Structures are given as C-alpha cells and as structure tokens.
Amino acid sequence: MSSTSCGIATLIIAGVTNASFTMPMKYTRKWAWENTWLAWTLFALVVLPLAAALVTIPNLSMVYRSASPDIILEVCAFGAGWGVAQVFFGLAVEMIGITLAFSVVLGTSAAVGSLIPMVSLHREYLNSTAGFAVLGSIALVLLGVTLCAAAGTMREKPTAKSISSQERTSRGLLLAILCGLGASSMNFGVAFGTPLVEVARSFGTNRLNAINAVWLPLILAGAVPNVIYCVWLMKRNRSGFKYRVGHSHWALAAMMAVLWFGSTLLYGLAASQLGTWGPILGWPLFMSLIVITATVLGMFTGEWKDCGPLPIRIQWTGVTVLVLAIFILAGSTRYLR
C-alpha cells in the first residue's frame with residue numbers, strides 16, 4: 001500500500017474517532033457542561049500531549065531550545081486561535097443548535113484550512129490539474145456542508161427553543177463562522193510548524209513521531225482559553241461543587257480525551273504520510289469525514305427522530321457531496337510531484 005493510500009486510510013480512522021469523542025459526554029449528567037469540558041481540557045490538551053511528546057521525542061527540551069523562538073511563538077499563536085475557536089463553538093451551539101453549528105464550523109474550517117496553506121506553500125500548483133482538483137473539491141466541501149447546514153436548520157426548528165429570534169440566529173451563525181476560521185488555525189500550526197519537525201528529527205526522533213514536537217506547544221496554547229472560559233463559567237454558575245459527585249465522570253472525560261487526542265495524532269500521522277500536501281489534502285478530508293461520521297451517529301442515536309423525511313434527505317445529499325469531494329481530493333494526488 002502506498003503512503004498516500006495509508007494516509008487516506010489513517011484519515012478515515014481519525015475522522016471516525018474525532019466525531020465520536022463527545023459521545024461519553026451524554027453520560028456525565030451529574031456535572032455541568034463546564035465541569036466536563038474542563039476535565040476534558042486537562043486530560044486532552046495538557047496531560048496527553050505532554051506524555052506523548054516526552055515518550056516519543058528524545059531530548060525534548062533541547063529540541064525547543066534549538067528551535068527558532070519565532071517558530072514556537074507562531075505555533076503557539078495558532079494554538080491560542082484554535083482554543084478561542086472552541087469557546088465560540090460552545091456559544092454558537094447554544095444559539096443555533098449542534099447540527100447547524102457543526103456544519104458551518106467544519107465547512108469554513110475545511111475550506112480555509114486547506115486553501116491558505118496551498119496558496120502560501122504551493123502557489124505554483126494553482127493553475128494546474130492538481131490545483132483545479134483541490135479547488136474544485138474545496139468548493140464541493142462548501143456545498144456539502146451548506147446542504148448539511150440547511151438540513152440542520154430544518155431539523156432544529158421544531159425543537160431548538162434557544163433560537164428565539166432572527167438576531168440571535170444571526171449572532172450564532174457569525175460565531176460559528178468565526179469558530180471555523182479559528183479552528184483552521186490548528187491546521188496552520190501543522191502546515192507552518194515544519195521547522196519544529198525538522199529540529200526534532202535532527203535529534204533522532206522517528207519521522208512519524210516528529211509531528212508531536214508541533215502538537216505540544218500548539219495544543220497547550222489552545223488549552224489556555226478553554227481553561228479560562230470553563231473557570232469563568234463555573235464561577236458564574238457556581239458549579240465547581242459538582243466535582244464532589246459523579247466521580248465516575250472523570251473516567252468518561254478521560255475517554256473523551258483519549259478519543260480526541262488519538263484522532264489528532266492520527267491526523268498528524270496522515271498529514272506526514274501525504275507528504276508536503278498533507279495539510280492541504282488532509283484537512284478537508286478530515287473535516288468531511290467528521291461530518292459524515294457525526295451524521296451517521298446522529299441517525300443511530302435518534303437525533304433526527306420525528307423531524308420528517310425532507311431534512312434527512314437533504315442531510316444525506318450533503319453527505320454524498322462530501323464523499324464525492326473526498327474521492328476527488330484522493331484522486332488529485334496522482335498529479336502531484
């Protein structure tokens with residue numbers, strides 16, 4: 001199996017895993033959202049990235065001492081941008097519902113997170129078969145998530161009591177778009193953090209593990225806005241005391257962290273397997289696979305129950321367009337040199 005085929009197979013596993021990571025959250029009923037999210041943040045954005053870097057990167061401290069401070073700060077800035085995006089996502093979900101927020105966020109992130117690295121790193125391919133294929137598939141991703149967003153709007157209308165006015169809906173959509181722009185910062189960190197990967201490899205790190213040198217500062221920086229927001233919510237809602245009950249919820253939060261961080265590592269591995277085009281081809285594939293898997297999980301868990309046949313048909317049409325975009329992106333690799 002070629003490295004490209006391995007990369008796409010790895011992306012499929014990563015997308016399925018990422019779309020599943022919030023499932024344990026349905027069972028943390030004794031905690032408020034901020035309690036679960038803070039526990040997840042500590043496990044997924046602090047403990048696991050640090051452990052992975054310590055285990056897989058020899059001379060970790062020397063790697064960062066040898067790297068350019070500008071590169072480290074740039075990666076941290078992208079991580080902080082991604083962390084702020086997660087806060088926007090939580091607010092958008094409250095205003096417009098999970099399905100609509102999810103579709104808008106991932107669609108914006110897929111398009112921007114793929115297009116900007118291509119323009120910055122491979123501008124010479126824009127007027128080529130490969131460039132047209134990538135740009136066309138990005139357009140299909142946007143079409144697919146627009147259809148999913150339309151289906152989500154139709155599904156949420158009968159039940160989403162939080163959408164009480166057009167102004168609130170507009171505000172929620174704006175936050176979702178801002179979240180999508182910020183969420184793509186994670187891919188920017190991977191795309192522009194290559195010098196950290198090279199430094200890690202110069203100290204003997206395995207080629208596939210070297211990406212962990214980027215994940216550590218990127219994700220740690222992303223943890224900061226999440227911690228601040230959760231602590232603020234706990235203070236406002238006086239929900240900190242809930243940690244005294246539901247002790248089994250810590251295990252559920254840890255499970256969420258393993259699923260999320262595992263999918264992140266798999267995405268980094270897939271991007272490496274796809275070569276210099278990894279962040280360009282991999283990101284929209286990753287985002288599309290998350291939408292597809294989330295749709296399937298939503299169908300199985302009853303989220304689309306009693307919404308009528310039309311929203312379901314539109315949703316599956318959007319998913320079909322996303323699958324088509326995946327095949328075009330995969331096929332475009334044959335034209336890359």
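Relevant structure appears above.
Residues numbered from 1 in each chain as written. Predicted model: local features only at pLDDT ≥ 70, side-chain atom pairs only at ≥ 80, totals over all residues. Heavy atoms only, no water.

A.B. asks: Can you tell me about the overall build of the chain, naming the residues and giving the values?
C.D. replies: Across its full length, the chain holds 13 helices and 0 strands. Along the chain, helices and strands appear, N-terminal first, in the series α-α-α-α-α-α-α-α-α-α-α-α-α. Within the chain, the proportion of its 337 residues that are buried is 53%. For the chain, long-range pairs separated by at least 24 residues make up 85% of all intrachain contacts whose partners lie at least 6 apart in sequence. Total accessible area on the chain stands at roughly 14,900 Å², and carbon and sulfur atoms take up 67% of it. (Helix = DSSP H or I, 4+ residues; strand = E, 2+ residues; numbered from the N terminus. Buried < 20%, exposed > 50% of the residue type's maximum accessible area, 1.4 Å probe, protein only. Contact = heavy atoms within 4.5 Å. Areas by Shrake-Rupley, 256 points an atom, 1.4 Å probe, with all protein chains shown as cover.)

A.B. asks: Hey, could you go over the environment of threonine 293 for me, with residue numbers and the actual values?
C.D. replies: On the secondary structure map, threonine 293 appears in helix H12 (residues 278-300). Between the C-alpha atom of threonine 293 and that of valine 319, which follows or precedes it by 26 residues, the distance is 9.4 Å. Setting aside anything within four residues of it in sequence, one finds threonine 293 in contact with Gly15, Val16 and Ala19.

A.B. asks: Outline the packing of helix H2 (residues 33-56) against helix H11 (residues 249-273), listing residues and values.
C.D. replies: One way to put it is that H2 packs onto H11 with a least axis distance of 8 Å and a crossing angle of 50°. Put simply, H2 runs oblique to H11. H11 is crossed by H2, and the crossing has right-handed handedness. On H11, the residues touching Thr36, Ala39, Trp40, Phe43, Ala44, Leu45, Leu48, Pro49 and Ala52 of H2 are Trp250, Ala253, Ala254, Met256, Ala257, Val258, Trp260 and Phe261. Class assignment of the residues belonging to the contact of H2 with H11 gives a composition of 16 nonpolar, 1 polar and no charged. (Axes fitted to C-alpha atoms, helices over the stretch in contact; angles between N-to-C directions. Parallel < 35°, antiparallel > 145°, perpendicular 65-115°, else oblique. Left-handed = near helix turned anticlockwise from the far one by under 90°. Nonpolar A, V, L, I, M, F, W, Y, C, P; charged D, E, K, R; others polar.)

A.B. asks: Lay out the packing of aromatic side chains in plain terms, naming residues and giving numbers.
C.D. replies: What the rule picks out here adds up to 13 aromatic pairs. Between phenylalanine 78 and phenylalanine 192, the aromatic rings sit 6.1 Å apart at their centres with planes inclined by 25°, giving stacked as the arrangement. Remark: phenylalanine 192 occurs in helix H8 (residues 185-192) and phenylalanine 78 occurs in helix H4 (residues 69-96); sequence separation between them is 114 residues. Look at phenylalanine 78 and you get buried, because its relative accessible area is 18%. One aromatic cluster in this structure is built from Phe21, Trp33, Trp37, Trp40, Trp82, Tyr229, Trp232 and Trp260. (Phe/Tyr/Trp six-rings, centres within 6.5 Å; stacked < 30°, edge-to-face > 60°.)

A.B. asks: Describe the side chain of asparagine 35, naming the residues involved and giving the relevant values.
C.D. replies: In this fold, asparagine 35 is placed in helix H2. Take asparagine 35: its relative accessible area is 0%, and that puts it in the buried class. A distance of 3.0 Å separates a polar side-chain atom of asparagine 35 from the backbone oxygen of serine 239. Asparagine 35 has contacts with Met234, Ser239, Gly240, Lys242 and Tyr243, leaving out every residue within four places of it along the chain. (Polar contact = N/O pair within 3.5 Å; in protein donor to acceptor, adjacent residues only side chain to side chain.)

A.B. asks: Pulling in residues and values, what's your account of a nonpolar patch on the surface?
C.D. replies: A grouping of Leu174, Ile177, Leu178 and Leu181 is seen on the molecular surface, where their side chains present a nonpolar patch of about 330 Å² in accessible area. Position of isoleucine 177 relative to the elements: it lies in helix H7 (residues 166-183). (Patch = residues over 30% accessible without salt bridge, like charges linked within 9 Å, V, L, I, M, F, W, Y side chains within 5 Å. Salt bridge = Lys/Arg side-chain N within 4 Å of Asp/Glu carboxyl O.)

A.B. asks: Pulling in residues and values, what's your account of the nonpolar core?
C.D. replies: Formed by 66 residues in total, the largest nonpolar core has its most connected members in Leu11, Trp40, Leu45, Trp215 and Trp260. With 9 residues, the top contributor of residues to this core is helix H10 (residues 212-237). Residues in contact with leucine 45, not counting those within four places in the same chain, are Trp40, Trp82, Ile219, Leu220, Gly222, Ala223, Asn226 and Trp260. Grouped together as the second largest cluster of nonpolar side chains are 12 residues, Ala92, Met95, Ala149 and Cys179 included. (Core = buried A, V, L, I, M, F, W, Y, C linked by side-chain atoms within 4.5 Å.)

A.B. asks: Before we move on, can you summarise the environment of leucine 38 with the specific residues and values?
C.D. replies: Tracing the sequence through the fold places leucine 38 in helix H2. Other than its neighbours up to four places away in sequence, leucine 38 contacts Val227, Cys230, Met234 and Tyr243.

A.B. asks: A description of the packing of helix H9 (residues 194-202) against H10 should follow, citing residues and the corresponding values.
C.D. replies: Closest axis-to-axis distance for the H9/H10 pair is 8 Å, and the angle between their directions is 130°. As the angle between them shows, H9 and H10 are arranged oblique. From H9, Leu196, Val197 and Ala200 reach across to H10, where they touch Ala213, Val214 and Pro217. Its residues placed into classes, the contact of H9 with H10 shows 6 nonpolar, no polar and no charged.

That's the geometry; what it means functionally is another story.
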